[in-house]
Amino acid sequence: MLSSKNILLGVTGGIAAYKITFLIRALKKSGANVKVIMTPDAKAFITPLTISTLSENPVYSEFSNSLTGEWFNHVELGLWADIFIIAPATANTIAKMANGISDNFLLATYLSAKCPIFIAPAMDLDMFAHPTTTKNIKQLIKNNNKIIDAKYGELASGLVGKGRMEEPEKIFSIIKNYFEKDLTLLGKKVLITAGPTIEQIDPVRFISNHSSGKMGYHLAEKAAELGAEVILVSGPTNISLINQKITKIAIKSAEEMYDAVFKYFNASHIVIMAAAVADYTPVKQEKSKIKKKSDSIDIQLTSTKDILATLGKKKTKKQLLVGFALETDNEIENAKKKLLNKNLDFIVLNSLKDKGAGFEGDTNKVTFIDKNNKVEKFKLKSKSEVATDIFNKVLSLL
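Heads up: these notes are all about the structure in this document. (Residues numbered from 1 in each chain as written. Predicted model: local features only at pLDDT ≥ 70, side-chain atom pairs only at ≥ 80, totals over all residues. Heavy atoms only, no water.)

On to the pairing of strand 10 (residues 199-202). Residues in a regular strand project their side chains so that they alternate between the two faces of the sheet. Bridge count for strand 10 against strand 11 (residues 205-207) is three bridges, and the pairing is antiparallel. Bridged to aspartate 202 within strand 11 is arginine 205. Taken together, strand 10 and the strand that follows it, strand 11, pair antiparallel across an intervening segment of two residues. (Pairing = 2+ DSSP bridges. Helix = DSSP H or I, 4+ residues; strand = E, 2+ residues; numbered from the N terminus.)

Rendered as structure tokens:
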């Protein structure tokens with residue numbers, strides 16, 4: 001559930017620092033990107049080499065490398081993170097964070113971070129119970145930090161009491177639950193098509209279109225971000241998926257797309273047909289290259305199977321079906337006809353008359369029309385933002 005999340009981990013100089021290896025392993029196994037900052041004192045409890053090996057990233061500790069002169073940007077690191085976890089957080093570090101002191105790389109990053117910050121205190125029981133520590137923790141909470149409370153148990157001093165850092169497994173669970181609160185499609189299966197199809201004429205020539213697949217891929221990434229199990233049926237594109245949990249089915253022809261879509265359709269809750277599927281395919285595909293023998297050539301075409309119309313006939317009340325319409329004339333009227341004829345829940349209309357919309361680009365300008373004939377027009381946006389708008393509409397209809 002943490003696939004592609006950027007997790008920044010701050011480790012301070014407490015004996016519980018050794019436990020952080022278990023948290024790093026859990027985060028990495030869940031698919032997260034992990035970077036670690038260690039205070040100078042933390043290195044006395046666990047080596048940067050161990051942390052670097054487990055996180056698969058360099059460990060940050062100083063503002064610069066004295067040997068190479070390389071400067072490490074704490075502001076950039078704070079902006080990179082989706083979440084910042086400081087564990088263990090000693091009384092010394094907690095006091096400095098509460099009072100805005102910035103005398104090491106971890107504290108500078110803390111003061112620059114824009115993401116949610118989780119702090120797991122760890123210290124001896126008398127230090128934890130001290131009024132100053134209590135006051136500092138209250139100040140951190142007031143500053144919108146989230147405290148993962150220390151636990152009662154055996155401490156490094158041999159005493160028994162409150163001050164023990166929460167176990168790594170529990171910290172991982174807290175972080176996982178934090179991200180899952182926004183997983184509105186958790187438990188849903190989403191089927192998305194993307195890109196063009198290729199209809200072969202002979203071994204070297206084919207019929208296709210200008211679809212880049214960008215819109216469909218952004219939709220797949222957004223669905224996965226919302227917690228859905230995503231199947232992406234894609235024609236040929238040059239796009240790489242970010243979320244490795246998306247299952248990609250690569251196809252070429254309209255016939256192959258038809259077969260792939262119906263393999264997964266029945267189990268899908270949401271189906272979004274963003275691909276530009278060829279309407280026609282050559283009746284005969286030549287096995288050898290057609291040689292140029294005259295100034296013209298006749299290629300007989302036949303219609304491909306209408307995937308969207310077939311889906312519309314087969315869909316149940318528990319399924320939501322979304323289609324796309326790319327038009328050049330009478331856009332709203334033609335989109336409404338397609339919405340009705342294909343039995344869609346809503347349709348996403350693009351017009352090639354709109355600058356920045358349609359194929360290949362990184363932006364799109366769309367209009368939504370639902371089965372109640374409600375028309376919603378949107379301004380020009382990035383395709384990533386359009387994907388968010390589409391899923392907002394999907395969620396409103398579920």
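Having seen the model, we can carry on.
Strand order across the open sheet formed by six strands is 3-2-1-4-5-6, with parallel pairing between neighbours. Only two strands of the sheet have a single partner each, and these edge strands are strand 3 (59-60) and strand 6 (146-147). Across two bridges, the pairing between strand 2 (residues 33-38) and strand 3 is parallel. Among the inter-strand pairings, valine 36 is bridged to a residue of strand 3, identified as valine 59. Along the sheet, helix 2 (residues 48-55) contacts strand 2 and strand 3; its crossing angle with strand 2, the most-contacted strand, is approximately 165°. (Contact = heavy atoms within 4.5 Å. Axes fitted to C-alpha atoms, helices over the stretch in contact; angles between N-to-C directions.)

Along the chain, serine 212 falls in the loop between strand 11 and helix 9 (214-225). In this structure, serine 212 is in contact with Thr237, Ile239, Glu360 and Lys383, ignoring residues within four places of it in sequence.

Moving on, we come to the packing of helix 1 (residues 20-29) against helix 2. Where helix 1 meets helix 2, the axes come as close as 9 Å, and the angle between the chain directions of the two elements is 15°. Here helix 2 runs roughly parallel to helix 1, going by the angle between their axes. Between helix 1 and helix 2 lies a crossing whose hand is right-handed. Seen from helix 1, the contacting residues are Ile20, Thr21, Ile24, Arg25 and Lys28; seen from helix 2, they are Thr50, Ile51, Leu54 and Ser55. Counted by class, the contact of helix 1 with helix 2 contains four nonpolar, three polar and two charged residues. (Parallel < 35°, antiparallel > 145°, perpendicular 65-115°, else oblique. Left-handed = near helix turned anticlockwise from the far one by under 90°. Nonpolar A, V, L, I, M, F, W, Y, C, P; charged D, E, K, R; others polar.)

A few words on the nonpolar core. The biggest cluster of nonpolar side chains holds 32 residues, and the ones touching the most others in it are Ile192, Leu219, Ile272, Ile390 and Phe391. Contributing elements (two or more residues each) for this core: strand 9 (189-194), helix 9, strand 12 (229-234), strand 14 (270-273), strand 17 (320-327), strand 18 (346-351), strand 20 (366-370) and helix 13 (383-397). For this core, the leading source of residues is helix 9, giving six residues. Aside from chain neighbours lying at most four places away, what touches isoleucine 272 is Leu191, Ile192, Thr193, Leu219, Val322, Phe324, Ile390 and Phe391. Of all hydrophobic cores here, the second largest spans 30 residues; its members include Ala32, Ile51, Ile83 and Tyr178. (Core = buried A, V, L, I, M, F, W, Y, C linked by side-chain atoms within 4.5 Å. Buried < 20%, exposed > 50% of the residue type's maximum accessible area, 1.4 Å probe, protein only.)

Another point: the pattern of salt bridges. With the rule as written, the count across this model stands at 18 salt bridges. Here aspartate 345 ties to lysine 371 by a salt bridge, and the two come within 3.1 Å at their closest N and O atoms. Here the residue aspartate 345 occupies a position in the loop between helix 12 (331-341) and strand 18, and lysine 371 occupies one in the loop between strand 20 and strand 21 (375-377), the gap between them amounting to 26 residues. A residue is classified by how much of its surface remains accessible, and aspartate 345, at 7% relative accessible area, is buried. According to the relative accessible area criterion, lysine 371 is exposed, its value standing at 56%. Among the charged side chains, a salt-bridge network with shared partners connects Lys19, Arg164 and Glu167. (Salt bridge = Lys/Arg side-chain N within 4 Å of Asp/Glu carboxyl O.)

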